[in-house]
Amino acid sequence: PDHRPLYGRHVLVTAGPTHEPIDPVRYIANRSSGKQGFAIAAAAAEAGARVTLVAGPVALDTPHGVDRIDVESAREMASAVDGALPADVAIMVAAVADWRTRDVAGQKMKKARTGLPDLALTENPDILAGLAAGKARPGLLIGFAAETEDVVANARAKRERKGADWIVANDVSGDRGESVMGGDHNRAHIVTAQGVETLERMAKTDLARTLVARIASHLETVETE
Ligand code: C5P
C-alpha cells in the first residue's frame, strides 16, 4: 500500500495571474510568477495526492505527476476549477484579476485621434468565495492573501469574508533585500479558525512542503476525531 500522507486525496490548486483581454494584443493582469502555486502542486503530488493545477499564463514547467489545465482569464479559471470538482482540498494561490474589460475589441485598438480609449470595467467572479458557497465545497478550502500591512488582521478578516478555512498570508511589504513577488522566498502566516502559525522566511518550495504537512495532519485529525 501507498503510505504517503495525501494518498487517495484530490488536491486542486490555482496558480499564476489571469490575463483579461482588452484587444488581441493587450490585457490587464496582476503580477504573479506562479512559483508558489506550482511549488504547492509539486509538494502535494510528492505527498501522494492526485493534483489538478489550474494555471494562468506563466513560464513554468509542469511539476511531475500533476494534471495541469492552462487558462487565460478569470472566467476560464473559474470554469476549469468547477470542472475539476470534487476535491478534498482546494488551495487558491492564483492572483486573479479583480476586473476585466466589459467589451473586448475584436481588432487591435488604434491610437485614437479622438482621445483615450474608454476601458469600461466589470467585476470578475471570486473563485475562492464561489467555491466556499458552492454545493461541492472542498472539505478544506485554503486561500492566499498578499498583504503589505496588518498582515494577520487582514488575513483574519479575509478568511471570514470569503468563507475559507485557512488563509495563508504573505507579507509582501518588500524590505529585507529580496522581493516576495517573483522571488524564490516567502514570509507567511497560516491563519485558521484556531489561531495563527507564523512561519520563518523560507524558500517557496519549503513553504509548500510545510503547508502540505499541515494539510495532511489536519485531514488525519478531523478523520480520527
Ligand atoms: O481578495 P483577494 O484577491 O486578496 O483574495 C485573495 C485570495 O482569493 C486568493 O486565494 C485568490 O486566489 C482568491 N481569489 C479568487 N478569485 C478572485 C480573487 C481572488 O479565487 N477573483
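Look up: the structure comes first, before these words.
Residues numbered from 1 in each chain as written. Predicted model: local features only at pLDDT ≥ 70, side-chain atom pairs only at ≥ 80, totals over all residues. Heavy atoms only, no water.

### Considerations on the site of the ligand
Lining the immediate environment of the ligand, one finds M92, A94, V96, P125, D126, I127, L128, G143, F144, K158 and K162. At a separation of 2.8 Å, an oxygen atom of the ligand approaches a polar backbone atom of F144. Expressed as a share of its isolated accessible area of 450 Å², the protein-covered part of the ligand is 84%. Breaking the shell around the ligand down by element, the ones donating at least two residues are helix 3 (127-133), strand 9 (140-147) and helix 4 (151-162). Residues belonging to the shell around the ligand are distributed by class as follows: 7 nonpolar, 1 polar and 3 charged. (Near = heavy atom within 4 Å. Polar contact = N/O pair within 3.5 Å; in protein donor to acceptor, adjacent residues only side chain to side chain. Areas by Shrake-Rupley, 256 points an atom, 1.4 Å probe, with all protein chains shown as cover. Helix = DSSP H or I, 4+ residues; strand = E, 2+ residues; numbered from the N terminus. Nonpolar A, V, L, I, M, F, W, Y, C, P; charged D, E, K, R; others polar.)

### What to know about the nonpolar core
Looking at soluble globular proteins, one finds that nonpolar side chains tend to be buried together. Judged by nonpolar contacts, the single largest core of 37 residues is most densely connected at L6, V11, V13, V51, I91, L211 and I215. Secondary structure elements with two or more residues in this core: strand 1 (10-15), helix 1 (35-46), strand 4 (50-55), strand 6 (89-92), strand 9, strand 10 (166-171), strand 12 (188-191) and helix 5 (204-224). Setting aside chain neighbours within four positions, we find V51 in contact with V11, V13, A41, A44, A45, V66 and D67. Judged by nonpolar contacts, the second largest core, of 24 residues, contains I127, A132, I167 and V191. (Core = buried A, V, L, I, M, F, W, Y, C linked by side-chain atoms within 4.5 Å. Buried < 20%, exposed > 50% of the residue type's maximum accessible area, 1.4 Å probe, protein only. Contact = heavy atoms within 4.5 Å.)

### Structural notes on the sheet that holds strand 4
Overall, mixed pairing links the 8 strands, which are arranged 5-4-1-6-9-10-12-13 in an open sheet. With one partner strand each, in any of the chains shown, strand 5 (66-70) and strand 13 (196-198) form the two edges of the open sheet. Pairwise comparison of adjacent strand axes, ignoring direction, gives a mean angle of 15° for this sheet. Direction of pairing for strand 1 relative to strand 6: parallel, over a ladder of 4 bridges. Its bridge partner lying in strand 6, L12 is registered against A90. Its contacts with the sheet place helix 2 (residues 74-84) against strand 1, strand 4 and strand 5, and it is angled at close to 175° to strand 1. (Pairing = 2+ DSSP bridges. Axes fitted to C-alpha atoms, helices over the stretch in contact; angles between N-to-C directions.)

### Describing the side chain of H10
Here H10 is to be found in strand 1. In this structure H10 comes out as buried when scored by relative accessible area, which is 5%. Within the structure, the side chain of H10 is placed 2.7 Å from the backbone oxygen of P86, a separation counted as a polar contact. Discounting chain neighbours no more than four positions away, the residues touching H10 are R50, T52, A84, P86, A87, D88 and V89.

### Comments concerning helix 5
Across its 21 residues, helix 5 extends 30 Å between first and last C-alpha, which sits within 8% of the 30 Å expected from 1.5 Å per residue. Residues of helix 5 that are buried include every one of K204, L207, A208, T210, L211, V212, I215, A216 and L219, and no others. (Expected span 1.5 Å × (residues − 1).)

### Re the pattern of salt bridges
A pair can form between side chains of opposite charge whenever their charged atoms are brought close. Considering all chains together, one arrives at 14 salt bridges under this definition. Two residues, R26 and D23, come together in a salt bridge whose shortest N-O distance is 2.5 Å. One salt bridge in this structure joins R159 and E160, with 3.7 Å as the shortest N-O distance. The network of salt bridges with common partners includes E46, D206 and R209. (Salt bridge = Lys/Arg side-chain N within 4 Å of Asp/Glu carboxyl O.)

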